[in-house]
Amino acid sequence: MTDATELRRRTQELLAAHPPASTDRTAFLEARFDAGLAWVHYPAGLGGLDAPRSLQAVVDAELAAAGAPDNDPRRIGIGLGMAAPTILAYGTEEQKRRFLRPLWVGQEVWCQLFSEPGAGSDLAALGTRAVRDGDTWVVNGQKVWTSSAHVARWAILIARTDPDVPKHRGITYFLCDMTDPGVEVRPLRQITGEAEFNEVFLTHVRIPDAHRLGEVGDGWKVAQTTLNNERVAIGGARIPREGGMIGTVSRTWRERPELRTHDLHQRLLDLWVDAEVARMTGERLRQQLVAGQPGPEGSGMKLAFARLNQEISGLEVELLGEEGLLYGDWTMRRPELVDFTGRDAGYRYLRSKGNSIEGGTSEVLLNIVAERVLGLPPEPRNDKDVAWKDLAR
């Protein structure tokens, strides 16, 4: 059995064989993956050691103390938090060995081709079609709100393969090469002035059947694994006490006493407590993950994440007064990641507006929490047994 002592020993062996100060960053990360110290709860040979998930912190602490490089998790967050657990759960052995190592090392960035202009909140209504042609699938359609599509090599994609059955049953899940002919990425400029999101047009894109994940028509089931992990990744990230946006506002409060008012003080205290409650709840959720797969609780965490970011950024703008109305840079850029704490208050305020949309809208997540966590009666629906082609549009 792998325990904390054994993991420390393996980590020290890795550091001795590949000293971070003199080893190429990519080479070190590859060696870490091969040693099973990438994600210790994954199977041996796939970056892990079949160890309890809780022991990952032991490895991370040893490596951080030694100044070892990380794999830039914010840049490759979609691959780490969404693609990898789905490939692990549903991929063939060949798919796991082909994709997991370069994904974790950061050599291949991933994006998510799920939402469409007519299928965002109602994702199962998607209309992108995949038609089989021998050993390949020909895909045509449009996706939207695709983070990192402009830098991604691979995408997780769901497409309709059978329009003659109800919408949830006619979907199949694919791994799409973003460099293939017919894949066109266009920027979507946001309220921040940047374009981290994109729309993606798929025109006669040919995907080998070997890049299908799960069974034909079983894509909604596979996608649920992705979505559950996505919400945990967004809302349940590990942060230190007074970390994230509440830490930024708290520092301003301490350093700028001339900005303080009684009303702002009360609001800051309320949000500080809410942020701490959310942080501790996230820690409990991560402990639950040790025993199984993420469930609907991740939706509650993502709800709290969106609400807190929006309320905290609003408080920060008010606290700064006229300074809060300034906006540092309106340059059109296509960033590789979202940097909430490294930018100014205006950016945080504008960017946080997207938190209640991305990763599942707050309205949809409220339904999930109500029905799957609280056990309340589901909303009446008349589209579950109707063939997708017969749905009103």
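Before going into details, it helps to say that this report is about the structure given with it. This is a predicted model, so every value here is computed, not measured.

1. Describing the overall build of the protein
For the protein, the count of helices and strands is 11 helices and eight strands. Each principal axis of the C-alpha atoms in the protein carries an extent, and together these give about 70 × 55 × 45 Å. If you take every contact in the protein between residues at least 6 apart in sequence, the share linking residues at least 24 apart comes to 71%. If the 48 positive side-chain charges of the protein are averaged to one point and the 55 negative ones to another, these points end up 1 Å apart.

2. Some words on the side chain of Thr-161
Within the secondary structure layout, Thr-161 lies in the loop between strand E4 (154-160) and strand E5 (171-177). Only 2.7 Å separates the side chain of Thr-161 from the side chain of Thr-172, close enough to count as a polar contact. Residues contacting Thr-161, with those up to four places away along its chain left out, are Arg-129, Ala-130, Trp-137, Gly-170, Ile-171, Thr-172, Phe-174, Val-216 and Gly-217.

3. Some points on the pattern of salt bridges
Working definition: two side chains of opposite charge can pair if their charged atoms are close together. Under the counting rule described, the total for this entry stands at 38 salt bridges. Glu-93 serves as the salt-bridge partner of Lys-96, at 3.4 Å between the closest nitrogen and oxygen. Note that Lys-96 and Glu-93 are positioned in helix H5 (residues 93-105) at a spacing of three residues, about one turn of the helix. The exposure class of Lys-96 is buried, given its relative accessible area of 12%. Salt bridges sharing partners connect three or more residues here, namely Glu-6, Arg-9, Arg-10 and Glu-13.

4. Re helix H3 (residues 56-65)
Regarding H3, the residues found buried are Gln-56, Val-58, Val-59 and Leu-63. Across the axial projection of H3, the buried residues extend over an arc of 165 degrees, all falling on one side. Opposite the buried face of H3, by more than 90 degrees, sit the exposed residues Ala-64 and Ala-65. Taken together, the buried residues of H3 touch helix H1 (4-17) and helix H2 (25-34). Of the residues trailing H3, Gly-67 is marked for its positive phi of about 75 degrees.

5. Concerning the nonpolar core
Within the largest apolar cluster, 53 residues are counted, with the highest numbers of intra-cluster contacts made by Trp-39, Trp-110, Tyr-173 and Met-178. In contact with Trp-110, other than residues within four places in its own chain, are Ile-78, Gly-79, Ala-83, Ile-87, Phe-99, Leu-103, Ser-148, Ala-152, Trp-154, Ala-155, Ile-156 and Leu-175. Listed in part, the 17 residues of the second largest apolar core include Val-249, Ala-275, Leu-319 and Phe-340.

6. So, the packing of aromatic side chains
Scanning the entire structure with this criterion turns up nine aromatic pairs. With 6.4 Å between their ring centres and 45 degrees between their planes, Phe-33 and Trp-104 make a pair best called tilted. Of this pair, Phe-33 sits in helix H2 while Trp-104 sits in helix H5, and the two are 71 residues apart along the sequence. Centroid distance Trp-145 to Phe-197: 6.0 Å. Interplanar angle 80 degrees. Geometry classified as edge-to-face. Taken together, the positions of Trp-145 in the loop between strand E3 (136-143) and E4 and Phe-197 in strand E7 (residues 197-208) put the pair 52 residues apart, joining distant regions of the chain. Through a chain of ring-to-ring contacts, three or more aromatic side chains come together here, namely Phe-99, Trp-110 and Trp-154. Taking the ring centre of Phe-201 as reference, the NZ or CZ of Arg-186 above it sits at 4.0 Å. In this structure, Arg-343 is placed above the aromatic ring of Tyr-347, and the distance from its NZ or CZ to the ring centre is 3.9 Å.

7. Observations regarding the pairing of E5
Most of E5 sits inside the fold, with seven of its seven residues counted as buried. Of the two faces of E5, the one holding Ile-171, Tyr-173, Leu-175 and Asp-177 and the one holding Thr-172, Phe-174 and Cys-176 are both buried throughout. In this sheet, E5 lies alongside E4 in antiparallel orientation, the contact comprising seven bridges. In the sheet register, Ala-155 faces E5, and the bridge partner there is Cys-176. As paired strands, E5 and strand E8 (residues 212-213) are joined by two bridges and run antiparallel to one another. Paired with Tyr-173 across the bridge in E8 is Leu-213.

8. Some details on the state of the cysteines
Evaluated as defined, the whole model comprises zero disulfides. In this structure Cys-111 is a free cysteine whose sulfur lies 7.8 Å from that of Cys-176, the closest cysteine sulfur available. Residue classification places Cys-176 among the buried residues on the basis of a relative accessible area of 0%.

9. Thoughts on unusual backbone geometry
Not every positive phi belongs to a glycine, and Asp-50 is a case in point at roughly 55 degrees. At Ser-148, a position not held by glycine, the phi torsion is positive, near 65 degrees. Of note, Ser-148 is situated in the loop between E3 and E4.

10. Focus: a nonpolar patch on the surface
Together, Val-373, Leu-374 and Leu-376 give the surface a local cluster of nonpolar side chains, amounting to about 270 Å² of exposed area. Residue Leu-376 is classed as partly exposed on the basis of its relative accessible area, which comes to 44%.

11. A few points about the pairing of strand E1 (residues 110-113)
Burial of E1 is two-sided: the residues Trp-110 and Gln-112 facing one way and the residues Cys-111 and Leu-113 facing the other way are all buried. Two strands pair when backbone bridges link them, and E1 and E4 are joined in this way by four bridges, in the parallel orientation. When the bridges of E4 are listed, Gln-112 appears paired with Ile-156.

12. Observations regarding the packing of H1 against H3
The geometry of H1 relative to H3 is characterised by a closest axis approach of 9 Å and an angle of 35 degrees between their N-to-C directions. In the crossing of H1 with H3, the sense of the turn from one axis to the other is right-handed. Contacts from Ala-4, Leu-7, Arg-8, Thr-11, Gln-12, Leu-14 and Leu-15 of H1 reach H3 at Val-58, Val-59, Glu-62 and Leu-63. By residue class, the composition of the contact of H1 with H3 is seven nonpolar, two polar and two charged.

What counts, and where the lines are drawn
Residues numbered from 1 in each chain as written. Predicted model: local features only at pLDDT ≥ 70, side-chain atom pairs only at ≥ 80, totals over all residues. Heavy atoms only, no water. Helix = DSSP H or I, 4+ residues; strand = E, 2+ residues; numbered from the N terminus. Contact = heavy atoms within 4.5 Å. Lys, Arg positive; Asp, Glu negative; His and termini not counted. Charge placed at Lys NZ, Arg CZ, Asp CG, Glu CD. Polar contact = N/O pair within 3.5 Å; in protein donor to acceptor, adjacent residues only side chain to side chain. Salt bridge = Lys/Arg side-chain N within 4 Å of Asp/Glu carboxyl O. Buried < 20%, exposed > 50% of the residue type's maximum accessible area, 1.4 Å probe, protein only. Arc of directions from axis to C-beta. Core = buried A, V, L, I, M, F, W, Y, C linked by side-chain atoms within 4.5 Å. Phe/Tyr/Trp six-rings, centres within 6.5 Å; stacked < 30°, edge-to-face > 60°. Lys NZ or Arg CZ within 6 Å of the ring centre and 35° of its normal. Pairing = 2+ DSSP bridges. Disulfide = S-S within 2.5 Å. Patch = residues over 30% accessible without salt bridge, like charges linked within 9 Å, V, L, I, M, F, W, Y side chains within 5 Å. Areas by Shrake-Rupley, 256 points an atom, 1.4 Å probe, with all protein chains shown as cover. Axes fitted to C-alpha atoms, helices over the stretch in contact; angles between N-to-C directions. Left-handed = near helix turned anticlockwise from the far one by under 90°. Nonpolar A, V, L, I, M, F, W, Y, C, P; charged D, E, K, R; others polar.

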